[in-house]
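Next come the chains, spelled out residue by residue.
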Amino acid sequence: MQAYNESTSKRKEESSTQATSETEGLFPEEVWKICGGLPLAIITMAGRVACNPGKLHTYWRDVCESIFPEAAANAVVEEITQLTQEQVSRIVSDCYNDMPAEIQTCSLHLSIFPKGYRISRKRLTRRWIAEGIICEKDGLGVDVIAETYFNHLIRRKIIQPVEHNGNGKVKKCVVHDMVLELIVRKASEENFITVVGGNWFMQLPSTKVRRLSIQDSDSKHAKDTEKMNLSHVRSLTIFGSLKKQLPPHSFKFGIVQVLDLEGCKDFKQRHITEICEMCLLKYLSLRKTDTKQLPDNIRKLKSLETLDIRDTEVIELPKAVCQLELLVNILGGDKSTRKALRLPGELTKKMKALQILSGIEIVEGSSELRHLTKLKKLAIYKLETMLKDGSLEALRTSIEYLGGCSLQTLIIDDESSNFVKSLDGLSSPPRFLVALELSGKMINLPKWIKELDVLSKLTLPLTALRTDNLQDLSKLEALFSLTFCFRAKQQDWQTLAIIAENKLYSSGEIMVLDGGFKSLKLLCLSGPLLPLLSFSSKAMPELERLEIRYSMLEGILGAENLAKLKELHLTSNDKKEEDLMTKEIASELGKLRKVDGTSPRIILHQQPISMKSNSG
């Protein structure tokens, strides 16, 4: 499924207009006048206004005069037609300083990332938690507070969303260059972070380095690093290559709590050996590095809370990991290929703090998970084909039990489909699920799926695309995103036969009937062969985005009935005949008009079919 993203260019064109319309009439016109029509100034000021509801007009006049005291002598603030860079900086700085102190502290972490870098929401919030700058508040856990602070930064326009996931949440964001420049300067002034390399000049600290971000690997910056006192580094982030970044044995920083090497090249096994000496480490990310295996010495990392080895060559965790009883997040495997991470059998009995267990393979001895009562996310990428019935039953009862505890996200990739089909027998549905993904060759949905009142994101195999199933799913009032996906490894005659049978069962076409789907914004269909899809007159009333990925598409009827459809994405294989078919379909759809007379944007993509899902 493609990420639910807004068009960046369109967003820039509309952002300032939207910002003013959202807050129009709530404060004096002078606020807009000082922005000089510049989008960055307008957006930043709109973020401040949105976070200060109910303020009197006198408050906003005082704000204007504090930013531009030279205008205070005038009885009326005149509109500034052209702002200088220094004046824009004043506006941005004043709006930044208006944020609560704890939000400002969180925002300083943005200076860790290079200019233009697409920052992952989860990566950022997990780092906040690991460094201890997020505390429980009003009975809410640190993960909830971190999410709240992140959303505040978005509302403040300090960060700008560039990618959303299937449940509508921001997946990645960027920081405007001028805003980032301000944050880097403040972080340097407070000795919050030391940045080596990158796009900003930062004076090398004369005092202790507490947080270090290395953004360039040339020899000059390597020499700068060698001059620093690194004995007090608590957080280390490296981008690019490890070859010239640090002097030998520099990984043995005694008090490092956060080590983030995501995407680093030239990672060697000696590096992981040195990392295992960082006994106070809480957050370790080796994602997208050349890490091949974890040594038994990892047992020394007794404080470790997050272990991120996703998209590496690590396929099995050593038994020593079971001694890390504070681990909260284990992230492994590969989302796109579904390569999975094997767990030691003893893991589930000892590690009761686990909240996220993602990208794993279930083998004999690792199917008993009911001890993990704090588990919020379970993503199973592979089920060993030779699992005994007793192990499958243990896994099924574990899921049933955890569904009544804290489980919110459940992902199961079952190539044989036998286990997924057995889930229909759960006596008690996992009522707290927010996201569910089931893969295989299932045709009928579990009966309990209609009882998932808070489910917002659902991914099912294409074999479950039937009119009757759609009718059942339409009753899920919280459902935001619905995907039917056909994975590459499932392309066999049996699956194609099921799809053909489903079409016959539904009188030759898959019908989306009137009513239901009260919250559905995104519908994605992905597979080499997609049957005729027909939308009734009042089908999916809130749908905004329709994504269709295929090698052969029989057709779409009734798209004009999708009253709120904004974008229709068509992605075909890159073969010439499919490309021509896509253009022909797009041409026909381009003529459609919705009831209100408007037309959705038709966006064409040509690429080989990928069955990747963002749910993992």
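Numbering of residues starts from 1 in every chain and runs along the sequence as written. The model is predicted, so local features are restricted to residues of pLDDT at least 70 and side-chain atom pairs to those at 80 or more, both for listing and for counting; the totals for chains, interfaces and linings are taken over all residues. Working from all heavy atoms in the structure, the side-chain values ignore hydrogens and water.

Some points on the sheet that holds strand β21 (residues 533-535)
Here three strands make up an open sheet; going across it, the order is β18-β21-β24 and the pairing parallel. The two strands at the open ends of the sheet, each matched to only one other strand, are β18 (510-512) and β24 (556-557). A strand pair is defined by DSSP finding two or more bridges across the two strands. Here a helix means four or more residues in a row that DSSP labels H or I, a strand means two or more in a row labelled E, and each is numbered from the N terminus.

Overview of the packing of aromatic side chains
Here a Phe, Tyr or Trp ring, Trp counted by its six-membered ring, pairs with any other such ring whose centre lies within 6.5 Å, and the pair is stacked when the planes are under 30 degrees apart, edge-to-face when over 60, and tilted otherwise. This model, assessed by the stated rule, comprises four aromatic pairs. For the pair Phe113 and Tyr117, a centre-to-centre distance of 5.6 Å together with 25° between the ring planes defines the contact as stacked. Exposure classes here rest on a 1.4 Å probe applied to the protein chains alone. A residue is buried below 20% of its type maximum, exposed above 50%, and partly exposed in between. Judged by relative accessible area, Phe113 falls into the buried class, the value being 2%. With a centroid separation of 5.3 Å and an interplanar angle of 70°, the aromatic rings of Tyr117 and Phe239 are classed as edge-to-face. Residue Tyr117 is found in the loop between α6 (101-108) and β1 (119-120), and its partner Phe239 is found in the loop between β6 (235-238) and β7 (258-260); the two are separated by 122 residues along the sequence. On the accessibility criterion, Tyr117 (24% relative accessible area) is partly exposed. Joined through ring pairs, the aromatic side chains of Phe113, Tyr117 and Phe239 make up one cluster. In this scheme, the term charge over a ring applies when either NZ of a lysine or CZ of an arginine sits within 6 Å of the ring centre and within 35 degrees of the ring normal. Here the guanidinium or amino end of Arg370 rests over the ring plane of Tyr401, the centre of that ring lying 4.3 Å away. A cation over a ring is seen here: Arg466 above Tyr505, with NZ or CZ 3.9 Å from the ring centre.

Describing the pattern of salt bridges
Salt bridges, as used here, are contacts in which a Lys or Arg side-chain nitrogen is within 4 Å of a carboxyl oxygen on Asp or Glu. A complete count under the given rule lists 35 salt bridges for this structure. Across the pair Arg123 and Glu262 runs a salt bridge whose closest N-O atoms are separated by 3.5 Å. In this pair, Arg123 sits in helix α7 (residues 121-130) while Glu262 sits in the loop between β7 and α11 (269-275), placing the two residues 139 residues apart along the sequence. Given a relative accessible area of 15%, Glu262 falls into the buried group. Here Glu313 ties to Lys339 by a salt bridge, and the two come within 3.8 Å at their closest N and O atoms.

Topic: the packing of helix α3 (residues 39-50) against helix α5 (residues 85-97)
Lines fitted to C-alpha atoms define the axes here, with helix axes fitted over just the stretch in contact, and angles between the N-to-C directions of these axes take values from 0 to 180 degrees. Across the interface, α3 lies against α5 with an axial gap of 9 Å and an inter-helix angle of 20°. Between α3 and α5, the crossing angle belongs to the class labelled roughly parallel. For the element pair α3 and α5, the recorded crossing hand is left-handed. Between α3 and α5, the contacting residues are Leu40, Ala41, Thr44, Met45 and Arg48 on the first element and Val88, Ile91, Val92, Asp94 and Cys95 on the second. Here the residues of the contact of α3 with α5 are counted per class, giving seven nonpolar, one polar and two charged. Working definition: roughly parallel below 35 degrees, roughly antiparallel above 145 degrees, roughly perpendicular at 65 to 115 degrees, and oblique for all remaining angles. Definitions for this section: a left-handed crossing has its near helix turned counterclockwise from the far helix by less than a right angle. A right-handed crossing has that turn clockwise. We call two residues in contact when some of their heavy atoms are within 4.5 Å. Only Asp, Glu, Lys and Arg are considered charged, only Ala, Val, Leu, Ile, Met, Phe, Trp, Tyr, Cys and Pro nonpolar, and every remaining residue, Gly among them, polar.

Focus on the sheet that holds strand β3 (residues 170-174)
As summarised here, the arrangement of the three strands in space is β1-β3-β2, forming an open sheet in which the pairing is antiparallel. Two strands in the sheet have a free side with no partner beyond their single neighbour: β1 and β2 (160-164).

Quick notes on the environment of Thr291
Mapping Thr291 onto the fold places it in the loop between β8 (283-285) and β9 (306-308). Here the alpha-carbon distance between Thr291 and Ile309, two residues 18 residues apart in the chain, equals 8.0 Å. Sequence-distant contacts of Thr291, defined by excluding residues within four places in its chain, comprise Phe267, Leu286, Thr312, Glu313 and Val314. Among the polar contacts made by the side chain of Thr291, one reaches the side chain of Thr289 at a distance of 2.6 Å. Definition of a polar contact: a pair of N or O atoms within 3.5 Å, with one able to donate and the other able to accept a hydrogen when the atoms are protein atoms, and with sequence-neighbouring residues admitted only if both atoms are side-chain atoms.

A word on the environment of Arg234
Within the fold, Arg234 resides in the loop between α10 (219-227) and β6. Taking the C-alpha atoms as reference, Arg234 lies 8.9 Å from Leu281; in sequence the two are 47 residues apart. Excluding residues within four positions of it along the chain, Arg234 makes contact with Arg210, Arg211, Ile255, Val256, Gln257 and Val258.

Here we look at the confidence of the model for the protein chain
In predicted models, pLDDT denotes the confidence assigned by the predictor to each residue on a 0 to 100 scale. Taken residue by residue, the protein chain gives an average pLDDT of 84. The fraction at 70 or more is 84%. Taking the mean pLDDT of every element in the protein chain, the minimum, 44, falls on helix α1 (residues 8-23) and the maximum, 98, on β9. In the predicted structure, residues 608-616 sits below a pLDDT of 50 and forms 43 contacts with residues beyond four places in sequence or in another chain.

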